[in-house]
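Each chain, letter by letter, is given below.
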Amino acid sequence: MGRTYAGILGPLAMAVMICRGWLGSGGIESTLAQATTYLVVFAIVGALIGHLAQATIDESVRSKLEQQLTGEAGS
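So, here's what we can say about the structure. Predicted model only: the values in this text are computed from it and were never measured. (Residues numbered from 1 in each chain as written. Predicted model: local features only at pLDDT ≥ 70, side-chain atom pairs only at ≥ 80, totals over all residues. Heavy atoms only, no water.)

## Some thoughts on the pattern of salt bridges
(1) Moving on: Scanning all chains against the criterion turns up one salt bridge.
(2) Moving on: Here arginine 62 ties to glutamate 59 by a salt bridge, and the two come within 3.7 Å at their closest N and O atoms. Here arginine 62 and its partner glutamate 59 are both found in helix H2 (residues 28-74), three residues apart, which amounts to about one turn of the helix.
(3) Moving on: A relative accessible area of 44% means that arginine 62 is categorised as partly exposed. (Salt bridge = Lys/Arg side-chain N within 4 Å of Asp/Glu carboxyl O. Helix = DSSP H or I, 4+ residues; strand = E, 2+ residues; numbered from the N terminus. Buried < 20%, exposed > 50% of the residue type's maximum accessible area, 1.4 Å probe, protein only.)

## Description of a nonpolar patch on the surface
(1) Moving on: On the surface, Met1, Tyr5, Tyr38, Val41, Phe42, Val45, Ile49, Ile57 and Val61 cluster together into a nonpolar patch covering about 730 Å² of accessible area.
(2) Moving on: Looking at which element gives the most residues to the nonpolar patch, the answer is H2, with seven residues.
(3) Moving on: If you trace the backbone, valine 45 turns up in helix H2.
(4) Moving on: Looking at valine 45, the relative accessible area reads 35%, which means it is partly exposed. (Patch = residues over 30% accessible without salt bridge, like charges linked within 9 Å, V, L, I, M, F, W, Y side chains within 5 Å. Areas by Shrake-Rupley, 256 points an atom, 1.4 Å probe, with all protein chains shown as cover.)

## Examining the environment of alanine 47
(1) Moving on: With respect to the helices and strands, the residue alanine 47 is situated in helix H2.
(2) Moving on: The sequence separation of alanine 47 and serine 63 amounts to 16 residues, and the corresponding C-alpha distance is 24 Å.

## Observations concerning the packing of aromatic side chains
Any two aromatic rings considered together are summarised by their centre-to-centre distance and by the angle between their planes.
(1) Moving on: Taken as a whole and judged by the stated rule, the model has one aromatic pair.
(2) Moving on: Plain terms: the ring middles of tyrosine 38 and phenylalanine 42 are 6.2 Å apart, the flat faces sit at 35 degrees to each other, and that makes the pair tilted. In this pair, tyrosine 38 and phenylalanine 42 both sit in helix H2, four residues apart, roughly one turn of the helix.
(3) Moving on: Judged by relative accessible area, phenylalanine 42 falls into the partly exposed class, the value being 34%. (Phe/Tyr/Trp six-rings, centres within 6.5 Å; stacked < 30°, edge-to-face > 60°.)

See below:
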């Protein structure tokens, strides 16, 4: 899930920065440098968010399964 979020947020941030530079009549070098920086930053943030989301989902499923198994064993 982390790779998916990183693969979405990174290129999205890069596209937004390129559009911003194009609409603001920014220089090509500075626009691409900023876009690349934001690509890396948002890809890292997306990977962290995705990893956290996956861990939360795994823990929720594990606790529900343990709860169901405990309920069946007690009956």
